[in-house]
Amino acid sequence: SGQDLHGLQQRTASFHILTYGLLTRASPVRAHLREHAGFKMVVVDESHMMKNRSAQRTREILYLVSGASRVLLLSGTPALARPLELHTQLEAVCPGQFGSYTAFTNRYCAPRWTPWGMDLTGASNLEELHSKLRPVMVRRLKADVLDQLPSKRRQRVQLEMTDSSAEACLKLKEELQNCP
């Protein structure tokens, strides 16, 4: 909004919190960020969302972090299953340290040709990759931190429904139960 842009232009804030949505659609805020992308520090939460290097969100984040003095990525699942999904995150934190995209995929993704093109969903040289990741990645397993987490809290919340909403839910329930 115009108010968001005004705050950015004044440069009075110590920090800014952005949504991925602001980066993926044309807006005055995104344009301003692209023009003045010299942040001291950028923190990207849910950084696994930037696993696809051709996605606009990923390209915009990589552009923003390229001018930052420091970059911190946060994710509960940095690489869901494949080394390939780490490449853009590594480029954000330590550009060039893991080589080009092609060098990275050749070394760590066990590339293989298929009738549909190159398949990069594999994994290879994982010990080496893990060793190289140690200086740039802190990995804490749930089992290691479970005693530091608060207890789960479950709560039932009753919602009021209109008659038409209740009928629609019942109809959907019946459709789902009749699925093969």
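For the structure, check the block above.
The notes below deal with the structure included here. Predicted model, so just to flag it, every value in this text is computed and none were measured.

### Re the packing of aromatic side chains
The geometry of an aromatic ring pair comes down to the distance between the two centres and the angle between the two planes. One pass over the full model with this rule turns up two aromatic pairs. With a centroid separation of 6.3 Å and an interplanar angle of 70 degrees, the aromatic rings of Phe-98 and Phe-104 are classed as edge-to-face. Of the two residues examined, Phe-98 and Phe-104, each falls in the buried class. Where Phe-104 meets Tyr-108, the ring centres are 5.1 Å apart and the plane angle is 55 degrees; that geometry is what we call tilted. Within this pair, Phe-104 and its partner Tyr-108 are both found in helix α6 (residues 101-108), separated by four residues, close to a single helical turn. You can call Phe-104 buried: its relative accessible area is 0%. Through a chain of ring-to-ring contacts, three or more aromatic side chains come together here, namely Phe-98, Phe-104 and Tyr-108. One Lys or Arg, Arg-53, reaches over the ring of Tyr-101 and ends 3.4 Å from the middle of that ring. Directly above the aromatic system of Tyr-20 lies the positively charged group of Arg-57, at a separation of 5.5 Å from the ring centroid.

### Points about the pairing of strand β2 (residues 70-73)
Here is the key point about a regular strand: its side chains alternate between the two faces of the sheet. Residues Val-71 and Leu-73 of β2 are buried on one face, while the alternating residues Arg-70 and Leu-72, pointing to the opposite face, are not. Two strands pair when backbone bridges link them, and strand β1 (residues 41-44) and β2 are joined in this way by four bridges, in the parallel orientation. Across the sheet, Val-43 pairs through a bridge with Leu-72, a residue of β2. Note on the crossover from β1 through helix α4 (residues 56-66) to β2: the handedness is right-handed.

Rules of the game
Residues numbered from 1 in each chain as written. Predicted model: local features only at pLDDT ≥ 70, side-chain atom pairs only at ≥ 80, totals over all residues. Heavy atoms only, no water. Phe/Tyr/Trp six-rings, centres within 6.5 Å; stacked < 30°, edge-to-face > 60°. Buried < 20%, exposed > 50% of the residue type's maximum accessible area, 1.4 Å probe, protein only. Helix = DSSP H or I, 4+ residues; strand = E, 2+ residues; numbered from the N terminus. Lys NZ or Arg CZ within 6 Å of the ring centre and 35° of its normal. Pairing = 2+ DSSP bridges. Right-handed = clockwise from strand over helix to strand, strands pointing away.

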